[in-house]
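# Breakdown of the fold
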Amino acid sequence: MAAPLGGMFSGQPPGHPGDSRGQASLLQAAPGPPRTSNSTLVDELESSFEACFASLVSQDYVNGTDQEEIRTGVDQCIQKFLDIARQTECFFLQKRLQLSVQKPEQVIKEDVSELRNELQRKDALVQKHLTKLRHWQQVLEDINVQHKKPQTSLRPWPTSSRPLLISPHQ
């Protein structure tokens, strides 16, 4: 069976009272370089993310040192971040699997909740489209009404001293 969630976040001891393995948790058993006793996967993810930004804004870019060396360093930082992100994803997927085995009703409740949220979102979208549809139907109706009633206009060349009003149906 997969390890407990304890130890994933700082301030939590790894394992729980019923864990027969004691301090061993999924975080320490995860592949990759060995972790320090106080370091968690989340802490490492955060530090590798910060290292990615630090490498991008380092003084080496401003001073114009070897571009290939800079690129290699940035690539290594990004690769380390991606590796730790995969480990973190794996940890949560294993916890999700453990939850689905231990409490299948919880997974069903979450699925039902997600489906309800999706229905609400789609209902709101349908209402938004109906509102737009009613607006454009009204615009088209207004245009039809304007074309049906006789319009009068001024003749551009008056034949007498005062302008003549004519209707388009003459």
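Predicted model, so just to flag it, every value in this text is computed and none were measured.

With that out of the way, let us pick up the overall build of the protein. A count of helices and strands for the protein gives 5 helices and 2 strands. Along the chain direction, N to C, the helices and strands of the protein fall in the order α-α-α-α-α-β-β. Residue burial in the protein is summarised as follows: out of 170 residues, 16% are buried. Partitioning the intrachain contacts of the protein with sequence separation of at least 6 by distance along the chain shows that 46% fall at a separation of at least 24. Accessible surface for the protein amounts to roughly 13,300 Å². Of this, 59% is attributable to carbon and sulfur atoms.

Turning our eyes to something else, we now look at the pattern of salt bridges. Under the definition given, this model contains 4 salt bridges. Here Arg86 and Asp83 are joined by a salt bridge, their closest N and O atoms 3.0 Å apart. Residue Arg86 and its partner Asp83 are both found in helix α4 (residues 67-102); the two are separated by 3 residues, about one turn of the helix. Overall, Arg86 belongs to the partly exposed group, its relative accessible area being 45%. Residue Lys122 is joined to Glu118 by a salt bridge in which the shortest nitrogen-to-oxygen separation is 3.0 Å. Placement of the pair is Lys122 and Glu118 together in helix α5 (residues 104-148), with a separation of 4 residues, close to one helical turn. Relative accessible area serves as the criterion here: at 39%, Lys122 is assigned to the partly exposed category.

For the rest of this paragraph, the subject is helix α2 (residues 41-56). For α2, with 16 residues, the first-to-last C-alpha span of 23 Å sits near the 22 Å given by 1.5 Å per residue. Three or more residues of α2 are buried, namely Leu41, Glu44, Ser48, Cys52 and Ser55. Considered in projection along α2, the buried side chains sweep an arc of 85° and stay on one side of the axis.

The subject of this paragraph is the environment of Ile78. Note that Ile78 resides in helix α4. Assessed through its relative accessible area of 37%, Ile78 is described here as partly exposed. Taking C-alpha positions, Ile78 is 9.4 Å from Phe53, a pair spaced 25 residues apart along the chain.

This part is about the packing of aromatic side chains. Summed over the entire model, instances satisfying the criterion amount to 3 aromatic pairs. Here Phe91 and Phe92 contribute two aromatic rings whose centre-to-centre distance is 5.4 Å and whose plane-to-plane angle is 85°, an arrangement assigned as edge-to-face. When its relative accessible area of 2% is taken as the criterion, Phe91 is described as buried. Put simply, the rings of Phe49, Phe53 and Phe81 pair up and form one aromatic cluster.

Do not read the fine detail of predicted coordinates wherever pLDDT is low. In this model, the protein carries an average pLDDT of 76, and 61% of its residues clear a pLDDT of 70 or more. Looking at the elements of the protein, mean pLDDT is at its lowest for helix α1 (residues 26-29), recorded as 45, and at its highest for α5, recorded as 95. Counted against residues more than four places away or in other chains, residues 1-30, with its pLDDT under 50, gives 58 contacts.

Cut-offs and rules
- Residues numbered from 1 in each chain as written.
- Predicted model: local features only at pLDDT ≥ 70, side-chain atom pairs only at ≥ 80, totals over all residues.
- Heavy atoms only, no water.
- Helix = DSSP H or I, 4+ residues; strand = E, 2+ residues; numbered from the N terminus.
- Buried < 20%, exposed > 50% of the residue type's maximum accessible area, 1.4 Å probe, protein only.
- Contact = heavy atoms within 4.5 Å.
- Areas by Shrake-Rupley, 256 points an atom, 1.4 Å probe, with all protein chains shown as cover.
- Salt bridge = Lys/Arg side-chain N within 4 Å of Asp/Glu carboxyl O.
- Expected span 1.5 Å × (residues − 1).
- Arc of directions from axis to C-beta.
- Phe/Tyr/Trp six-rings, centres within 6.5 Å; stacked < 30°, edge-to-face > 60°.
- pLDDT = per-residue confidence, 0-100.

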